[in-house]
Amino acid sequence: MKNKKGIYLFLLILLPALIFLFLKGFGENKFQIPIYYSNGIGDTLRQVTCLERNTDQYIVKSPELEMGITKVVHFERMDGPVLKTRLEELEKVQDVFYNNPDIQMMSYLNQASIQTDAITGYNQRVTFMDQFWHFKELDSTNWSNLKYCGMVMSDLDNRVVLLDAKNRIRGYYNIMEREETDRLILELRILQTIDLENE
């Protein structure tokens, strides 16, 4: 009876170890992040007339967004409690990636309704690392063109956009939800791993 228990105990310990070693040796841990609009924009957001509707990979073309750097892009129209929550969630992204020179966070403000002074008033609650997190005021026309015509967003869309180093859209995130902020951080890490593998 004791021999049977010993054999079962041995198998109980050995089997998971063998599975672990097999997966470690022969398994691959690869994750992919979607590339949005790889076949062009098509019928997306028909009401936005300024979008380039061709069948090529859509790339955000703007002098505001330099190539070669992964970017987290955020648009803000007005001050208030929603802005405070967004900034606190974006600060979590900053806390993880502020030392990475290949990632930048960009917040574009519609200067007709909010200025940088209003944002910097949050300094007591949110720490802004200037080398990582850039704020820029745009007039209403340029702000709208970048948001709607560049990032393929609607008027009611308040998501954050992830752009890879080639200015391809890699994700939209509603950072009012903590899970979405966590997803953004995870996908930024995956994107950095993919970029390192492709070098």
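Details of the structure are given in the entry above.
Please read these numbers as outputs of a predicted model, since none were measured by experiment.

Engineer: Can you break down the overall build of the protein residue by residue, with the values?
Structural biologist: Looking only at helices and strands, one finds five helices and five strands in the protein. Listing each helix as α and each strand as β along the protein from the N terminus yields α-β-α-β-α-β-α-β-β-α. Relative to its full complement of 199 residues, the protein shows a buried share of 38%. Excluding contacts between residues fewer than 6 apart, the proportion of contacts in the protein whose partners are at least 24 apart in sequence is 68%.

Engineer: Go over the side chain of arginine 168, please, and point to the residues and values.
Structural biologist: With respect to the element layout, arginine 168 can be found in the loop between β4 (160-163) and β5 (169-173). Accessibility expressed as a relative area gives 18% for arginine 168, which makes it buried. At 2.7 Å, the side chain of arginine 168 forms a polar contact with the side chain of aspartate 164.

Engineer: Would you mind going over a nonpolar patch on the surface in detail, with residue names and values included?
Structural biologist: A cluster of nonpolar side chains, namely Ile7, Phe10, Leu11, Leu14, Leu18, Phe20 and Leu21, defines an oily patch on the protein surface of about 700 Å² accessible area. Positionally, leucine 21 belongs in helix α1 (residues 2-26).

Engineer: So what about the pairing of strand β2 (residues 103-110)? Which residues, and what values?
Structural biologist: Buried residues dominate β2, accounting for eight of its eight residues. Side chains Ile103, Met105, Ser107 and Leu109 of β2 all project onto a buried face; the interleaved residues Gln104, Met106, Tyr108 and Asn110 project onto the opposite face, where all are buried too. Here strand β1 (residues 70-76) pairs with β2 via seven bridges, running parallel. Bridge pairing in β2 places threonine 70 opposite isoleucine 103. Handedness of the β1-helix α2 (residues 81-97)-β2 crossover: right-handed. Two elements, β2 and strand β3 (residues 133-138), share six bridges in a ladder whose sense is parallel. By the bridge assignment, methionine 105 is partnered in β3 with tryptophan 133.

Analysis parameters
Residues numbered from 1 in each chain as written. Predicted model: local features only at pLDDT ≥ 70, side-chain atom pairs only at ≥ 80, totals over all residues. Heavy atoms only, no water. Helix = DSSP H or I, 4+ residues; strand = E, 2+ residues; numbered from the N terminus. Buried < 20%, exposed > 50% of the residue type's maximum accessible area, 1.4 Å probe, protein only. Contact = heavy atoms within 4.5 Å. Polar contact = N/O pair within 3.5 Å; in protein donor to acceptor, adjacent residues only side chain to side chain. Patch = residues over 30% accessible without salt bridge, like charges linked within 9 Å, V, L, I, M, F, W, Y side chains within 5 Å. Areas by Shrake-Rupley, 256 points an atom, 1.4 Å probe, with all protein chains shown as cover. Salt bridge = Lys/Arg side-chain N within 4 Å of Asp/Glu carboxyl O. Pairing = 2+ DSSP bridges. Right-handed = clockwise from strand over helix to strand, strands pointing away.

Just geometry here; none of it tells us what the structure is for.
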